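# Commentary on secondary and tertiary structure
Take a look at the letters that make up each chain.
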Amino acid sequence: MAAKYHPLPQYSGDTQDKSCCCGLSHRKVILATIIAVLVVIIGLYTVCRPSDKPVVNYKDILSDNDYNTPKHRLPHCIIIGMRKGGTRALLQFLNLHPNIQVSSKEVHYFDRNDHFFQGISWYRKNLPLSYGDQITIEKTPGYFHSDKSPERIFRMNSTIKLILLVRDPIERAMSDHLQLMDKRSRMNLETTSFEEKVLKDNGDVNDNYKPIQRSVYYQFMRHWLRFFQLEQIMIVDGKNLTKNPFEVAQKVEAFLGLEHKISKDSFVFDRTKGFFCIKNETTGHKCLNRTKGRKHPEVDEEVLAKLKKYFEPYNKIFFEQIGQKFDW
């Protein structure tokens, strides 16, 4: 609503009064300018920010009866993380189901502003084509550690299903560290051992190191539980995925309301890599690339003991949050 115009009062008096009047008028002009700028900023924010009303909900997507037309559909489910938790393996296994269509790339829509502010249409176009009887799944493990992602996903679809893979925080930190060092090595940069990075000079755990920070799960989980019911989030034990992929696949099928169509015969254990791969009668089995399943180096027992003690209270809070406990 436009502000009502009030004409400036006319003064007749000595110079001092006029000076005072002019000073007051100048202040009003400055104040009006500030208010105008604020109105513009608020207006731009309102236009750019997503609507509080969800774009779509899970039931509406499932009721899409345009079965025979391939479209870029919004996801029914998002694998939100976590980094180095086994997300790529799970996505590969779920792709065996004829009614699941997975995104081949990590879209990073909700955790990157340069993607997010291109809008929901941009997101949809970056998802795979699917038919009306298929469920679309996107995987971006960076979402879990992003403080922006929970609310943004909620605004898109407040009833969406989410999958989170968890892992022993020490093992996850090691894998995270190895990936960072591998990248530095390929860039011909100096690398550092795990022990050197996770401890400070005084021997305390280096809680400024990103792989350590990302393994304190409860501080990220609390953001997700502000927006989503725990029943919407399937927590997958990464260790169980490694040992029993068929069992985990069946649980995900049930979570998504799908018929069990992933066969136990689809999995074969690769002794060289040390984990399960997908069996293919024609081309041989398909395994994850070389960056997955890196062998961890031996770590000093004292360092491991310090890390275990450091993570113990944080793990306890996380277990209370999710109503489950893992052997960490």
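Residues numbered from 1 in each chain as written. Predicted model: local features only at pLDDT ≥ 70, side-chain atom pairs only at ≥ 80, totals over all residues. Heavy atoms only, no water.

## Remarks on the packing of helix α10 (residues 218-225) against helix α13 (residues 301-322)
It is at 9 Å that the axes of α10 and α13 come closest, and there the two elements cross at 20 degrees. Taken together, the axes of α10 and α13 are roughly parallel relative to one another. Remark: the crossing between α10 and α13 carries left-handed chirality. Residue-level contacts link Y218, M221, R222 and L225 of α10 to Y314, I317, F318, Q321 and I322 of α13. Split by residue class, the contact of α10 with α13 holds seven nonpolar, one polar and one charged. (Axes fitted to C-alpha atoms, helices over the stretch in contact; angles between N-to-C directions. Helix = DSSP H or I, 4+ residues; strand = E, 2+ residues; numbered from the N terminus. Parallel < 35°, antiparallel > 145°, perpendicular 65-115°, else oblique. Left-handed = near helix turned anticlockwise from the far one by under 90°. Contact = heavy atoms within 4.5 Å. Nonpolar A, V, L, I, M, F, W, Y, C, P; charged D, E, K, R; others polar.)

## Structural notes on the packing of aromatic side chains
Two measures describe an aromatic ring pair: the distance that separates the ring centres and the angle between the ring planes. In this structure the tally under the stated criterion is 23 aromatic pairs. Each ring, one from Y217 and one from W328, has its centre 5.7 Å from the other, and the planes form 70 degrees; the classification is edge-to-face. Taken together, the residues Y217 in the loop between α9 (210-213) and α10 and W328 in the segment after α13 connect sequence positions 111 residues apart. The class for W328 is buried, based on a relative accessible area of 17%. The ring of F116 is capped by R152, whose NZ or CZ atom sits 3.9 Å from the centre of that ring. (Phe/Tyr/Trp six-rings, centres within 6.5 Å; stacked < 30°, edge-to-face > 60°. Buried < 20%, exposed > 50% of the residue type's maximum accessible area, 1.4 Å probe, protein only. Lys NZ or Arg CZ within 6 Å of the ring centre and 35° of its normal.)

## Some points on the pattern of salt bridges
By the definition in use, this model includes ten salt bridges. Across the salt bridge formed by K139 and E106, the nearest N and O atoms sit 2.6 Å from each other. On the criterion of sequence distance, the pair formed by K139 in strand β5 (residues 135-139) and E106 in the loop between β3 (100-102) and α4 (113-116) is long-range, its members being 33 residues apart. Owing to a relative accessible area of 2%, K139 belongs among the buried residues under this scheme. (Salt bridge = Lys/Arg side-chain N within 4 Å of Asp/Glu carboxyl O.)

## Some points on the UniProt feature "active site" (unreviewed entry) in the protein
The feature "active site" (unreviewed entry), as annotated in UniProt, sits at K84 in this numbering. Checked against the element boundaries, K84 lands in the loop between β2 (77-81) and α3 (87-94). The buried category is assigned to K84, whose relative accessible area is 16%. (UniProt positions renumbered as here; feature names shortened; annotations may be inferred.)

## Some points on the sheet that holds β2
Strand order in the open sheet made by the five strands is β3-β5-β2-β6-β7, with parallel pairing throughout. In the strand order of this sheet, the two ends are held by β3 and β7 (233-237), each with one partner. Each strand of the sheet is rotated relative to its neighbour by a mean of 25 degrees, with strand direction disregarded. Where β2 lies against strand β6 (residues 161-166), four bridges are found, and the strand directions are parallel. Each bridged residue has a counterpart across the sheet, and for I79 the counterpart in β6 is I163. (Pairing = 2+ DSSP bridges.)

## A few points about the nonpolar core
Grouped together as the largest cluster of nonpolar side chains are 48 residues, with contacts concentrated most on I78 and I153. Secondary structure elements with two or more residues in this core: β2, α6 (149-156), β6, α7 (169-186), α8 (194-198), α10, β7 and α13. Apart from the residues within four sequence positions on either side, I78 is in contact with F110, Y123, E138, Y143, I153, M156, I160, K161, L162 and I163. Judged by nonpolar contacts, the second largest core, of 25 residues, contains I100, I137, L241 and V252. (Core = buried A, V, L, I, M, F, W, Y, C linked by side-chain atoms within 4.5 Å.)

## What to know about α6
Counting buried positions along α6 yields six of eight residues, so the element is predominantly enclosed. Burial in α6 covers these residues: S149, P150, R152, I153, R155 and M156. Those residues of α6 that are buried lie in contact with β2, α4, α5 (120-125), β6 and α10.

## Concerning the environment of I79
Its location among the elements puts I79 in strand β2. Taking relative accessible area as the criterion, I79 reaches 0% and is therefore assigned buried. A sequence separation of eleven residues divides I79 from L90, and the C-alpha atoms of the two residues are 9.1 Å apart. Residues in contact with I79, not counting those within four places in the same chain, are T87, L90, L91, I137, E138, K139, T140, P141, I163 and L165.

## Regarding the environment of T140
Relative to the helices and strands, T140 is located in the loop between β5 and α6. Once the C-alpha coordinates of T140 and G81 are considered, the two residues, 59 residues apart in sequence, prove to be 6.5 Å apart. Each residue touching T140, except ones within four places of it in the same chain, is listed here: I79, I80, G81, E106, V107, H108 and D111. One polar contact links the side chain of T140 to the main-chain amide nitrogen of H108, over a distance of 3.4 Å. (Polar contact = N/O pair within 3.5 Å; in protein donor to acceptor, adjacent residues only side chain to side chain.)

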